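# Coordinates in review
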Amino acid sequence: MSNNIHDKEIVIEPPSGLVHLNLRELYEFRHMLWSMIWKSIRIQFSELYLKFFWTFARPLAMLGVFIFIKNYSGANMHVSNISYSLYLYSGLIIWFYFVESTNATAKSVEKDAALMKKIYFPRLISPLVPLVSNLYSFGISAIPLVVMIIWQGTYPGWKLLLLPLVILQCMILILGTGTMFASFSLFSKDAERFLKLVLYLGLFVSPVIYSPDKIHAKSQLVYFLNPMAGTLLAFRSCLFNDFPFPFWQWMYSLAFSLVFIIAGIRMYRRADMHFADKL
Amino acid sequence: MKNETAIEVQGLSKKYSIGTIKKYKKKEIGILDNLLLPFRMLRNIGETSFFNKNDDFIWALKDINFKINHGEKVGIIGKNGAGKSTLLKILSRLVYPTEGKATIRGRVTSLLEVGTGFNNNFTGRENVYLNATLYGLERAEIDSIFDDIVEFSGVGKFLDTKIKYYSSGMRMRLAFSVAAHLDPDILLLDEVLAVGDIAFQQKCLERVEGLASGGRTIVFVSHSMSAIVKFCDRVIWLQDGKVIYDGEATEAVKLYQDGPLSEKELDLASRSDRKGTGLVRYTKVSILDENMNLCENVRTGQCINIALDYRAEEPYAEPPRDVKACIIIEDNKQNRLFGLPSEILIADLSNIKSTGRFICKLNSLPVIPGVYDITISLLIDRQLVDKVVSAYKLVVLEDDYYGTGLLPKHTMGRVCVDFDWLHESRN
């Protein structure tokens, strides 16, 4: 029975317009965050007999299909410096991480609604859980990539050190977009559909399957407005030494992500005022 | 300096939107209507907005004030919809208040339900860990209480079975065991004691009793008056989002159970704590409305008649001439608010024979919502013949006395006076 616990004071007040991000509180709840992340990973895998197989199945199947199409149709994907299979597989895994995490963060509030009605925790924990737990599947789906790199002998260079930065930028973009749409979808389910459509089309307007070199030089400016374009190329550049780093494109992606996370978290905090009433 | 106050609530209010009432035609449920629904929705796009200003509101809580010191056990009672759960949700930080402020000092755990976050595909063991982390415990802390939790729950054999194979009783027992082994300074409880079979319920009650006697602060919302009496030494009674009583638990529960809220007539025959000679005794107090019908609810500003039935010990051969009846209204802290002595009016109460009834009419009951004591006395020929202190507890509910939806705050006193403000500006 120590007395210092009495010093902890919680003040409950009506929400004010100027809500700021309480990182200190988030740190205090880190145990809950980790526990929820582990729970989320376990749920993803506990019901599957072929646990890991399904994690690679989708990118590997798509890899097979596109290599088939490319070889038999003679289509030119304009991929230079590295083999098409490495280009495609590396693009697919980070793209799927982006899509699944964005969808999951956007839905996280709805998913944790029952919990939010009964237990207090910093609301930012909800979108953070899928963001981090999906990294696990992302890591597993990277195992075939490692095998392919060794097989083909295309080793990464010093740029591998930049890989965490690129992944972090991708996570920032996911969290920003996810929190933004989580806030929207509290008021209208249309937002969720809109996000799904954008993410679906994203596969075709991002450099996942083909190289942006295929695009006309003048149109490239428009093409790189897509923040994931820079991320995808930068991700590959970190993995494959011969692949040039898209400095300006990635800088744009980074700036875009930072703007989105600030806007997203602000909106999320504002929506938080209404969570319990609206859920 | 250690602050003695565990929970301080100042002017807390919560407004809920109950939505704009939409006009639906009865016909809109056929097959064709379902097929056409997407097109009908288009029509409504312009009408809906995210924060509809035209929504109707209700105040689930209005201007709640109280202080709870460390170590106090407070029960919160009231009818459904009185605002009990809303209050607990605000204190648990699940919803924001609309106005006011609450301060909580100390480590607080709120149990609005047990087994929150239990996952069917996890084993009992995993769920204990998960559930306890949700209440803010760290792994090492859970390790240290894990054996106690398992023993208490009595499901030790099935600890490594997925809980989807548990019976609902086993699940509840495991969930409650986790909850019962949390060790907060302040515990907010919402009707979670009624789980499992009788033997387990008994065990839970003992456990909560143990927590209660361990110097913890407990705020307990319940409909079970026996549990309230057992654990709480203080009761806050909510009605229509307001505190109408805040005080000693047993008295509050007694009031609530056989309370004047349901019974507008109170027999005084059982009252032996009287003063006076006893030549005439009051037998009954009734609260009547303006049409002399028993009153369901008494509200601020309402016209009421307080009827006092009496019986003379021996019928008077010659009626006494000087009869004075008096009613005194006190608040629940025994402060006298006002008196209603018959003698200052030209009321003639004489001509007492054997039985009868005095009626005191208040054109407008001038008190803010709350519980009030009515003390009655009777003087005949300058001699006190009967006096019953706190003969009746009058529960007054809110009403729009001033036509503005507002009433004076209790900090200004509990009396509502008919008043007006004018302004004469001199330029």
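The preceding data block contains the structure.
Everything in this summary refers to the structure shown in the same document. (Residues numbered from 1 in each chain as written. Chains lettered and ligands numbered in written order. Predicted model: local features only at pLDDT ≥ 70, side-chain atom pairs only at ≥ 80, totals over all residues. Heavy atoms only, no water.)

### Topic: the overall build of chain A
In terms of helices and strands, chain A carries 12 helices and one strand. When the helices and strands of chain A are read in sequence order from the N terminus, they spell out β-α-α-α-α-α-α-α-α-α-α-α-α. On C-alpha atoms alone, chain A measures out to a radius of gyration of 21 Å, which is about the 19 Å that the 2.2 N^0.38 rule sets for 279 residues. When its C-alpha atoms are laid out on the principal axes, chain A stretches across 70 × 45 × 35 Å. (Helix = DSSP H or I, 4+ residues; strand = E, 2+ residues; numbered from the N terminus. Rg over C-alpha atoms; globule rule 2.2 N^0.38 Å.)

### Side note on the overall build of chain B
What chain B contains, in helices and strands, is eight helices and 19 strands. The buried share among the 427 residues of chain B stands at 47%. Across chain B, every contact between residues at least 6 apart in sequence was considered, and the portion connecting residues at least 24 apart equals 72%. Carbon and sulfur atoms make up 51% of the accessible area of chain B, which amounts to about 22200 Å² in all. (Buried < 20%, exposed > 50% of the residue type's maximum accessible area, 1.4 Å probe, protein only. Contact = heavy atoms within 4.5 Å. Areas by Shrake-Rupley, 256 points an atom, 1.4 Å probe, with all protein chains shown as cover.)

### A closer look at the state of the cysteines
Counted according to the given criterion, the structure contains zero disulfides over all chains. Among the cysteines around Cys416 of chain B, which has no disulfide bond, Cys303 of chain B carries the closest sulfur, lying 16 Å off. (Disulfide = S-S within 2.5 Å.)

### A word on the packing of helix 3 (residues 51-73) of chain A against helix 6 (residues 125-141) of chain A
Residue and element names in this part refer to chain A. At a minimum axis separation of 9 Å, helix 3 and helix 6 run at an interaxial angle of 75°. Taken as axis vectors, helix 3 and helix 6 run roughly perpendicular relative to one another. Where helix 3 approaches helix 6, its residues Phe52, Thr55 and Phe56 are matched on the opposing element by Tyr136, Ser137, Ile140 and Ser141. Tallied by class, residues from the contact of helix 3 with helix 6 come to four nonpolar, three polar and no charged. (Axes fitted to C-alpha atoms, helices over the stretch in contact; angles between N-to-C directions. Parallel < 35°, antiparallel > 145°, perpendicular 65-115°, else oblique. Nonpolar A, V, L, I, M, F, W, Y, C, P; charged D, E, K, R; others polar.)

### Observations concerning the nonpolar core
Counting 166 residues, the largest nonpolar core has Trp95, Phe98, Ile125 and Ile209 of chain A together with Ile7 of chain B as the members making the most contacts within it. Looking at this core, the element that brings in the most residues is helix 4 (residues 84-111) of chain A, giving 15 residues. Summarising the domain contributions, this core has at least three residues from each of domain 2 (61-257) and domain 3 (265-412) of chain B. Once residues lying within four places of it in the same chain are set aside, the contact partners of Ile7 of chain B are Phe66, Lys67, Ile68, Leu91, Thr103, Ile104, Ile186, Leu188 and Val219 of chain B. The next biggest cluster of nonpolar side chains, apart from the first, holds 38 residues, and it includes Val323, Ile327, Leu362 and Leu394 of chain B. (Core = buried A, V, L, I, M, F, W, Y, C linked by side-chain atoms within 4.5 Å. Domains from an automatic or database assignment.)

### A few points about the sheet that holds strand 6 (residues 186-190) of chain B
Hydrogen bonds between backbone groups are what pair the strands of a sheet, and the pairing can be parallel or antiparallel. Residue and element names in this part refer to chain B. Ordered in space as 5-6-7-3-8-9, the six strands form an open sheet in which the pairing is mixed. Each edge of the open sheet is held by one strand with a lone partner, namely strand 5 (108-111) and strand 9 (242-248). Direction aside, neighbouring strands of the sheet carry axes that sit 15° apart on average. Set on the sheet, helix 2 (residues 84-91) makes contact with strand 3 (73-77), strand 6, strand 7 (217-221) and strand 8 (234-239); between it and strand 6 the angle comes to about 145°. (Pairing = 2+ DSSP bridges.)

### Quick notes on the pairing of strand 14 (residues 304-312) of chain B
The two faces of the sheet receive side chains in turn, since in a regular strand these alternate between them. Residues and elements named next belong to chain B. Burial analysis of strand 14 places eight of its nine residues in the buried class, the great majority of the element. Note that strand 14 and strand 17 (residues 355-362) share eight bridges and pair antiparallel. Looking at strand 17, one finds that Asn305 is bridged to Lys361.

### Brief notes about the interface of chain A and chain B
The figure often quoted for interface size is the accessible area lost as the parts come together. Facing the 36 residues of chain A at the interface are 43 residues of chain B. When chain A packs against chain B, the two sides together hide about 3700 Å² of surface, and 61% of this comes from carbon and sulfur. At the junction of chain A with chain B, the criterion picks out three salt bridges. Notably, a salt bridge pairs Arg105 of chain B with Glu9 of chain A, separated by 2.9 Å at the nearest N-O pair. Mapped by element, the contributors of at least two residues to the side of chain A that touches chain B are strand 1 (9-12), helix 2 (30-46), helix 5 (113-116) and helix 12 (247-278) of chain A. In terms of residues, the side of chain A that touches chain B owes the most to one element, helix 2 of chain A, which gives eight residues. A class-by-class count of the residues in the side of chain A that touches chain B yields 16 nonpolar, seven polar and 13 charged. Bridge count between strand 1 of chain A and strand 4 (residues 99-105) of chain B: four bridges; the pairing is antiparallel. Within strand 4 of chain B, the residue paired with Glu9 of chain A across the bridge is Arg105 of chain B. (Buried area = accessible area lost by both parts, 1.4 Å probe. Salt bridge = Lys/Arg side-chain N within 4 Å of Asp/Glu carboxyl O.)

### What to know about unusual backbone geometry
The phi angle of most residues is negative, glycine excepted, and most peptide bonds adopt the trans form. Residue and element names in this part refer to chain B. In this structure, Asn351 takes a positive phi of about 70° despite not being glycine. Along the chain, Asn351 falls in the loop between strand 16 (336-341) and strand 17. Here Asn351 falls in the partly exposed class, since its relative accessible area comes to 48%.

Read these as spatial facts, not as claims about activity.
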